[in-house]
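# Structure at a glance
Here are the chains, one letter per residue:
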Amino acid sequence: MVAAYTWHPGTGRVVSRWPVPVAMAPDELLSTWLVRVALSQGTDPLVLASHLWPRWRVWTIDFDRGISDERISRLARDSGIEAGKLSMASLLPIASAIGLESGAASAIWHWILALGSRNRKRHGGLQYCSLCLATDAQPYFRLQWRLAWHTCCAVHHVGLRDRCCHCQLPIEPNRLCAFDTMSTCSTCKRDLRQGVMLPASKAALAFQERADRVVITGSGSYGVHQLQVKEWFHLARYFLMLLRCAARRQISCLGKCLAGLVPGSCYLRPPITGLGFEMLPTSERSSFLESVGVLMQAGPEQLRSAAVANSLKDTSLRQGWRSLPPCIDDIVREMPQLMRSRNARKNSDPAPVSRQTVLYKWARLQRKMRRIS
Ligand SMILES: [Zn+2]
Ligand SMILES: [Zn+2]
């Protein structure tokens with residue numbers, strides 16, 4: 001019987017050059033499979049990697065974002081798994097489906113959780129479900145636990161965790177040692193399978209499953225518009241931006257417009273850190289995605305009506321975005337333009353800003369200073 005999978009089927013039994021051949025489980029994430037290979041041989045991930053690729057510090061980078069053909073060939077030769085199958089376990093196929101160009105050098109890839117690596121230390125970027133790990137014959141990490149639109153386990157209907165359930169530090173399988181198991185926390189050495197899991201948000205899970213379907217089938221919809229994967233995710237990203245803008249300025253026409261469409265959106269608060277979406281904790285992403293899902297379902301006609309009813313100007317819906325999704329651009333062009341006199345702007349006192357905006361700017365400034373120091 002073939003086990004259920006979403007992204008790749010894994011491999012059957014393999015014949016490899018290693019003393020203990022390690023097959024890849026369905027949907028297993030490439031980098032964490034390599035950690036599992038190391039632990040199965042009774043060695044550290046660091047030692048195995050330096051044997052495979054001398055002089056390449058693989059655990060200091062996010063190599064799930066793709067590795068060179070030469071290096072993947074070396075891995076294929078030793079593991080007994082074809083290079084194509086190894087690549088399917090990386091994030092590249094999904095990233096290119098949603099519109100990222102392969103080899104993109106950007107520090108953050110949209111919709112892929114950022115590891116925030118500093119040497120071998122990480123700030124986050126990997127989620128897990130304790131119940132999945134507890135029911136695995138051999139615990140392993142799934143590819144989808146690196147996707148930013150994933151906040152729930154669709155099997156157990158619980159919210160994912162992005163920190164150790166004991167010490168609350170990030171999940172770093174790359175720092176495990178030879179005698180650990182895959183479900184060990186690399187910092188406190190306690191078992192991640194013992195975490196108490198909270199029920200999943202139904203709305204966030206609905207959005208997650210819808211987004212998965214879009215990637216798998218190659219298209220999605222917004223009202224009567226049929227969108228390609230890349231366009232659908234661009235639209236979801238636009239709504240995400242709009243909701244974050246509205247959350248920063250609690251009392252605004254935009255906020256009222258969105259609250260009319262998504263009643264829960266008036267309770268959204270901007271992340272105190274002001275970090276990009278791919279660096280936010282699971283719980284904060286989940287709250288925003290619930291509202292994005294409702295906006296996507298509402299469709300363009302409801303958005304147009306709500307924008308007109310709240311007398312929105314074009315700038316409120318544009319928020320400085322140069323490249324709007326075409327179905328949104330059509331609506332924005334119908335909105336009245338905001339006329340602003342340059343002199344009036346220059347002479348007027350700066351508008352008072354909310355406490356939340358000040359905290360957000362302060363957090364950003366502190367992060368900048370930490371980077372400089
Ligand atoms: Zn699970
Ligand atoms: Zn821990």
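These notes cover the structure that comes with them.

Basis of the calculations
Residues numbered from 1 in each chain as written. Chains lettered and ligands numbered in written order. Predicted model: local features only at pLDDT ≥ 70, side-chain atom pairs only at ≥ 80, totals over all residues. Heavy atoms only, no water. Helix = DSSP H or I, 4+ residues; strand = E, 2+ residues; numbered from the N terminus. Buried < 20%, exposed > 50% of the residue type's maximum accessible area, 1.4 Å probe, protein only. Contact = heavy atoms within 4.5 Å. Areas by Shrake-Rupley, 256 points an atom, 1.4 Å probe, with all protein chains shown as cover. Donors = N, O, S within 2.8 Å, 3.2 Å for Na, K, Ca; no water. Tetrahedral: all angles 85-135°; square planar, octahedral: opposite > 155°, others 65-115°. Core = buried A, V, L, I, M, F, W, Y, C linked by side-chain atoms within 4.5 Å. Domains from an automatic or database assignment. Pairing = 2+ DSSP bridges. 1 Å grid on protein atoms, 1.4 Å probe; cavity = no way out; pocket = protein on both sides within 12 Å on 5 of 7 lines; lining within 4 Å. Points joined across faces, edges and corners; volume = space filled by probe spheres on them. Nonpolar A, V, L, I, M, F, W, Y, C, P; charged D, E, K, R; others polar. Phe/Tyr/Trp six-rings, centres within 6.5 Å; stacked < 30°, edge-to-face > 60°. Lys NZ or Arg CZ within 6 Å of the ring centre and 35° of its normal. Axes fitted to C-alpha atoms, helices over the stretch in contact; angles between N-to-C directions. Parallel < 35°, antiparallel > 145°, perpendicular 65-115°, else oblique. Salt bridge = Lys/Arg side-chain N within 4 Å of Asp/Glu carboxyl O.

## Points about the overall build of the protein
- Counting its secondary structure elements, the protein contains 14 helices and four strands.
- Within the protein, the proportion of its 373 residues that are buried is 50%.
- Here the contacts in the protein between residues at least 6 apart in sequence split such that 65% fall between residues at least 24 apart.
- Entry remark: accessible area of the protein is about 19,200 Å², with carbon and sulfur atoms responsible for 54%.

## A short note on the coordination of the zinc ion (ligand 1)
- Looking at the zinc ion (ligand 1), the protein donor atoms are Cys129 (SG), Cys132 (SG), Cys153 (SG) and His156 (ND1), and they sit 2.2 to 2.3 Å from it.
- Around the zinc ion (ligand 1), the four donor atoms sit at angles spanning 104 to 116°, and that spread fits a shape best called tetrahedral.

## Comments concerning the nonpolar core
- Trp33, Trp111, Trp149, Phe233, Phe239 and Leu317 are the most contacted members of the largest nonpolar core, which totals 104 residues.
- When residues of this core are assigned to their parent elements, the largest contribution, 14 residues, is made by helix H8 (residues 229–248).
- Shared between two domains, this core holds at least three residues of each, these being domain 1 (30–194) and domain 2 (202–337).

## A word on the coordination of the zinc ion (ligand 2)
- Binding of the zinc ion (ligand 2) to the protein goes through Cys164 (SG), Cys167 (SG), Cys185 (SG) and Cys188 (SG), at separations of 2.3 Å.
- One way to put it: the four donor atoms around the zinc ion (ligand 2) meet at angles of 106 to 117°, and that makes the site tetrahedral.
- Counting the intervening residues between successive donors of the zinc ion (ligand 2) yields the motif C-x2-C-x17-C-x2-C. One end of the pair, Cys164, is in the loop between strand E2 (158–159) and helix H7 (202–217); the other, Cys185, is in the loop between E2 and H7, with 21 residues separating them in the sequence. For the pair Cys164 and Cys185, one class covers both residues: buried.

## With respect to the pairing of strand E3 (residues 219–222)
- Alternating residues of E3 divide into Gly220 and Tyr222, all buried, and Ser219 and Ser221, none buried.
- Strand direction decides the pairing type here: E3 and strand E4 (residues 225–228), joined by four bridges, are antiparallel. When the sheet's bridge partners are listed, Ser221 is paired in E4 with Gln226.
- The antiparallel pairing of E3 with E4 creates a hairpin that spans two residues between the two strands, and Gly223 there sits at a positive phi of about 60°.

## Looking at empty space enclosed by the protein
- Summed over the entire model, instances satisfying the criterion amount to two cavities of 30 Å³ or more.
- Roughly 90 Å³ of internal volume is contained in the largest cavity.
- As for the largest cavity, its lining consists of 15 residues, and the residues nearest its centre are Ser31, Thr32, Asp64, Arg122 and Pro173.
- Looking at side-chain class alone, the lining of the largest cavity contains eight nonpolar, three polar and four charged residues.
- Estimated volume of the second largest cavity: approximately 60 Å³.
- Surrounding the second largest cavity, Phe141, Pro170, Ile171, Glu172, Pro173, Leu176, Met182, Thr184, Cys185, Ser186 and Leu192 form its lining.
- Among the residues forming the lining of the second largest cavity, the class breakdown is eight nonpolar, two polar and one charged.

## A short note on the packing of aromatic side chains
- In this structure the tally under the stated criterion is 14 aromatic pairs.
- Relative to Phe233, the ring of Trp232 has its centre 5.1 Å away and its plane inclined at 70°; by these criteria the two rings are edge-to-face. Here Trp232 and Phe233 have matching classes, each one buried.
- Through a chain of ring-to-ring contacts, three or more aromatic side chains come together here, namely Trp111, Trp149, Phe207, Trp232, Phe233 and Phe277.
- Just above the ring of Trp56 sits the side chain of Arg71; from NZ or CZ to the centre is 3.9 Å.
- Over the face of the ring belonging to Trp111 we find Arg237, whose NZ or CZ atom lies 5.5 Å from the ring centre.

## Here's the deal with the packing of H8 against helix H10 (residues 282–309)
- Orientation of H8 relative to H10, taken along the N-to-C sense of each, is 105°, at an axis distance of 9 Å. In this view, H8 runs roughly perpendicular relative to H10, as classed from their interaxial angle. Residues Trp232, Leu235, Ala236, Phe239, Leu240, Leu243, Arg244 and Ala247 of H8 pack against Phe288, Leu289, Ser291, Val292, Leu295, Met296 and Leu303 of H10.
- Of the residues assigned to the contact of H8 with H10, the class counts are 13 nonpolar, one polar and one charged.

## Overview of the environment of Ala38
- Summarising the element assignment, Ala38 is placed in helix H1 (residues 30–40).
- Judged by its relative accessible area of 0%, Ala38 falls in the buried class.
- C-alpha separation for the pair Ala38 and Val22, spaced 16 residues apart in sequence, amounts to 9.5 Å.

## Thoughts on the pattern of salt bridges
- Across all of its chains, the model carries 14 salt bridges by this definition.
- The shortest N-O distance in the salt bridge between Arg304 and Glu301 comes to 2.8 Å. One end of the pair, Arg304, and the other, Glu301, are both in helix H10, three residues apart, so they sit about a helical turn from each other.
- Taken together, the shared-partner salt bridges connect Asp62, Asp64 and Arg146 into one network.

All quantities given are derived from atomic positions and should not be read as evidence of function.
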